[in-house]
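# Close look at the chain arrangement
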Amino acid sequence: ETQTITMTQKAEYIYIESLGCGSLRIGKNLVNKENLQKLFQIEDPVLIEKSENVEEIQDFSKLESKRTYMVLGEDDIEDTPATEGEFQEMTEEERHEMNHRFQDRKALRTMNMEKVRREFIKEKYVPKDPKIFKFDEKTDLIPEFVEAVKGGDKEKIMSFLKKETDTKIYSFKMFTEDFCTRLIDEVDNFERSGLPVMRPNSMNNYGVILEEIGFDQFFLDLLVYVRPVAGLLYGEIGYSLDDHHSFIVEYKIGEDEDLDFHYDAAEVTINFCLGKKFTGGSLYFRGLLDDPSTHDEDFQFDHVKGLGIIHLGKHRHGANKIKSGERYNLIIWFRNKALREEAERQQLACGCKEDHSHH
């Protein structure tokens, strides 16, 4: 029987971490053995507190909001040496074999978790505004932007963009005010459901990955309008964009307040301020990762509702602390799929990992 989720108040969330497969934010109302088994792709899941007293939690009604717990399966326990001493006694080859087995299984499990999570959300989520998931240039984009891009006139496109720096950061307007409001309302509605949310990236705790809740095709359709702009600004890399990772980040006092210095796992990034009401939280930029001559850059950008910026993913940046209110930003990492896959292969080969982070 399909159970759909509708709630009027924000759900009470907890965080559940897994070994090597990330963490989920999920409503306490949805934590049971069956859902843990399904969402984390492990048999006989064991939920424990992240503390020195490692005891299995039997009564899920006693879970505390905003606390972090750990979920383990038999495979996790088997592949983890019981003591530091046992690990030290292993040969280099045995350690390598254990790590290789661990990484292979985690990669497959992470992929399965994402697939199952999307199906779980699709089955249970009741959208507030079903029409918002289907891209419509008439309701979603301002007419001036559509006209400039569709006309293909380079001068008209450039006149629509405000050059902010010599390192090719540009600000511009693209989405209608109505779309911004509807998107915030939809995200708030989703968060009231308690349905599972993967962290948008390795640095933000609060927010929603939009392709996981049904917006994947929306941003592929939007890419048709963005590609001519990105190509004009960044050349071949802009014209080659064919994929995306899109998410909402949320900033609020007592939750995510700022963001450390980083660069994005993207070729081109669009960062668009949706609202709500806030002070502070400006972005700062410090030059391009692979161009040391730009590293003394000191550019600050103040977020304004309805205004976005476009920049290269390798542009180093961070976000200053929010001073009051709540800020919602739509982040779109536009990518070239082949380049991303090659980057991931290289990271696996060297055992390092690119930082997936954002404002």
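Thresholds applied
Residues numbered from 1 in each chain as written. Predicted model: local features only at pLDDT ≥ 70, side-chain atom pairs only at ≥ 80, totals over all residues. Heavy atoms only, no water. Buried < 20%, exposed > 50% of the residue type's maximum accessible area, 1.4 Å probe, protein only. Helix = DSSP H or I, 4+ residues; strand = E, 2+ residues; numbered from the N terminus. Pairing = 2+ DSSP bridges. Salt bridge = Lys/Arg side-chain N within 4 Å of Asp/Glu carboxyl O. Arc of directions from axis to C-beta. Polar contact = N/O pair within 3.5 Å; in protein donor to acceptor, adjacent residues only side chain to side chain. Phe/Tyr/Trp six-rings, centres within 6.5 Å; stacked < 30°, edge-to-face > 60°. Lys NZ or Arg CZ within 6 Å of the ring centre and 35° of its normal.

## Brief notes about the pairing of strand β1 (residues 13-18)
- Burial within β1 is extensive, with 5 of its 6 residues counted as buried.
- Across 5 bridges, β1 lies against strand β2 (residues 23-27) in antiparallel orientation. Bridge assignment links Ile 16 to a residue of β2, and that residue is Leu 24.
- The antiparallel hairpin formed by β1 and β2 contains 4 residues in its connecting segment, where Gly 20 sits at a positive phi of about 80 degrees.

## Description of the pattern of salt bridges
- Overall, the coordinates contain 19 salt bridges when judged by the stated rule.
- Between Lys 128 and Asp 185 there is a salt bridge, with the nearest N and O atoms lying 3.9 Å from each other. Placement of the pair is Lys 128 in the loop between α4 (92-124) and α5 (137-140) and Asp 185 in helix α8 (residues 177-193), with a sequence separation of 57 residues.
- On the basis of relative accessibility, which here comes to 29%, the residue Asp 185 falls in the partly exposed class.
- Here Asp 290 ties to Lys 314 by a salt bridge, and the two come within 2.8 Å at their closest N and O atoms. Here Lys 314 lies in the loop between β15 (308-312) and β16 (315-319) and Asp 290 lies in the loop between β13 (283-288) and β14 (299-301), a separation of 24 residues in the sequence.
- Several salt bridges converge on common partners, so that one network encompasses Asp 129, Asp 140, Asp 178 and Arg 182.

## Let's talk about the sheet that holds strand β7 (residues 197-198)
- Strands sit in the order β3-β4-β1-β2-β7 across an open sheet of 5 strands; the sheet is mixed. Looking along the sheet, the strands with just one partner apiece sit at the ends: β3 (46-49) and β7.
- In terms of strand pairing, β3 meets strand β4 (residues 68-72) through 4 bridges, oriented antiparallel. When the sheet's bridge partners are listed, Ile 48 is paired in β4 with Met 70.

## What to know about helix α1 (residues 33-40)
- Within α1 the residues assigned to the buried category are Asn 35, Leu 36, Leu 39 and Phe 40. The buried residues of α1 occupy an angular sector of 105 degrees when projected down its axis, which confines them to one face.
- Of the residues flanking the start of α1, the one acting as N-cap is Asn 32, its side-chain oxygen 3.2 Å from the backbone nitrogen of Glu 34.

## A short note on unusual backbone geometry
- The phi angle at Lys 66 is positive, at roughly 65 degrees, despite the residue not being glycine.
- Mapped onto the elements, Lys 66 comes out in the loop between β3 and β4.
- Residue Lys 168 is not a glycine yet carries a positive backbone phi of 70 degrees.
- As for its position among the elements, Lys 168 is in the loop between β5 (162-163) and β6 (170-172).
- We classify Lys 168 as partly exposed; its relative accessible area is 37%.

## Examining the packing of aromatic side chains
- A complete count under the given rule lists 14 aromatic pairs for this structure.
- For the ring pair Phe 175 and Phe 272, a centre distance of 4.9 Å and an interplane angle of 90 degrees mean the geometry is edge-to-face. Of the two residues, Phe 175 sits in the loop between β6 and α8 while Phe 272 sits in strand β11 (residues 268-275), which places them 97 residues apart along the sequence.
- On the accessibility criterion, Phe 175 (3% relative accessible area) is buried.
- A centroid spacing of 6.0 Å and a plane angle of 35 degrees characterise the contact between Phe 285 and Phe 299, whose relative ring orientation is tilted. Separated by 14 residues along the polypeptide, Phe 285 in strand β13 and Phe 299 in strand β14 bring together distant segments of the chain.
- Assessed through its relative accessible area of 0%, Phe 285 is described here as buried.
- Residue classification places Phe 299 among the buried residues on the basis of a relative accessible area of 13%.
- Through successive ring pairs, a cluster of aromatic residues spans Phe 133, Phe 135, Phe 175, Phe 179, Phe 215, Phe 218, Phe 219, Tyr 225 and Phe 272.
- Sitting above the plane of the Tyr 13 ring, Arg 25 keeps its charged end 4.7 Å from the centroid.

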